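Architecture at a glance
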Amino acid sequence: MHFDLPPIDQQAERLIELGVHEMAGLSAGDVRAAAAAGQGDVGLLTVHERLAPASVLASQLVHKNKRGFIVVDMADVDLFAPTEPAALPDTAMYLLGEVDRGDHLANWSPDEALPAIVEADRTPLTLTEGIHWLLQRPDVLERGKCFMTIGSRLRKPDGSFDTRTPAVWISNGTGRDGKDNRNAPKVGWCWWGNRHTWLGFASASDRIPLPN
């Protein structure tokens, strides 16, 4: 499902308001300059994950006045790196075009969804890109309609991929999440071969580098 984004200059101010620029070691001027360079385009203003990793961004997510969190068994979240179909520009900031939640792929496994995304000439979102989207449009995260970010995978020492794949959804406050996290945005994982009726696959049309 498509959600309209604020103008790029407003997105820049939102990132500055949240302090994302400081987390990334950028100045407010850097963010505004990047936004100004992209004014002729339409897309999601994104900070490269080498500067603003998921472990730093997740707590900025908010749903029903609850802060985002990362599940306890994903302490290695920042080791989930972009895969070849989700190669990132080598710039501090870039734009993601035509971001979509991928509702039409709900109840597909990641293994099934990735070829369909690539065949449609689109690119799967990485975890940090998905978080950036929710920073600008928190309403994208709806109970029963959340998304995986299969552009991020963890490669094991033997070269194969870990079978976990990152996703963002809304916690029920059960188990190790803790009741205080009920309705909070949750960064977690699903198995690569499993299907979930309530998880789509977020993707974009392209990535547009912005001048450093």
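Residues numbered from 1 in each chain as written. Predicted model: local features only at pLDDT ≥ 70, side-chain atom pairs only at ≥ 80, totals over all residues. Heavy atoms only, no water.

With an unreviewed UniProt entry as reference, the chain is termed DUF5701 family protein, source organism Rhodococcus baikonurensis.

Some words on the pairing of strand β11 (residues 185-191)
Here is the rule we go by: Each residue gets one of three labels from its accessible area relative to the maximum for its type: buried under 20%, exposed over 50%, partly exposed in between, using a 1.4 Å probe on protein chains only. Secondary structure elements are taken from DSSP: a helix is a run of H or I of four residues or more, a strand is a run of E of two residues or more, and numbering for both begins at the N terminus. Strands qualify as paired when DSSP identifies two bridges or more between them.
Summarising burial for β11: six of the seven residues are buried, a large majority. Looking at chain direction, strand β4 (residues 69-70) and β11 are connected through two bridges and run parallel. Bridge pairing links I70 to V187 in β11. Where strand β10 (residues 164-170) lies against β11, seven bridges are found, and the strand directions are antiparallel. By the bridge assignment for β11, T165 is matched with C190.

Examining unusual backbone geometry
Although it is not a glycine, N65 sits at a positive phi angle of roughly 65°. Position of N65 relative to the elements: it lies in the loop between β2 (62-63) and β3 (66-67). Classification of N65 by relative accessible area gives exposed; the value is 77%. The residue E98 is not glycine, and still its phi comes out positive at about 50°. Locating E98 in the fold gives a position in the loop between β6 (93-97) and α5 (110-119). A residue is classified by how much of its surface remains accessible, and E98, at 53% relative accessible area, is exposed.

Considering the pattern of salt bridges
To keep it simple, the criterion reads: Salt bridges are defined as contacts in which a side-chain nitrogen from Lys or Arg sits within 4 Å of a carboxyl oxygen from Asp or Glu.
For the structure shown, the criterion picks out 13 salt bridges. Note that E17 and R14 form a salt bridge whose closest N and O atoms lie 3.7 Å from each other. In this pair, E17 and R14 both sit in helix α1 (residues 8-18), three residues apart, roughly one turn of the helix. Classification of E17 by relative accessible area gives exposed; the value is 60%. Each of the salt bridges in this network shares a partner with another, and the network as a whole consists of D76, D162 and R164.

Comments concerning the sheet that holds β11
How we decide: The criterion used for residue contact is that any of the two residues' heavy atoms lie within 4.5 Å. An axis is simply a line fitted to the C-alpha atoms; with a helix, the fit covers only the stretch in contact. Between two such axes, the angle follows the N-to-C directions and lies from 0 to 180 degrees.
In spatial order, the strands read β4-β11-β10-β8-β12; together these five strands make up an open sheet with mixed pairing. With partners counted over all chains shown, the strands left at the sheet margins are β4 and β12 (199-201), one partner each. Against the sheet, α5 makes contact with β8 (146-148), β10, β11 and β12, and its axis sits at roughly 35° relative to β12, the strand it touches most.

Some words on the environment of A116
Within the element layout of this structure, A116 appears in helix α5. Taking relative accessible area as the criterion, A116 reaches 27% and is therefore assigned partly exposed.

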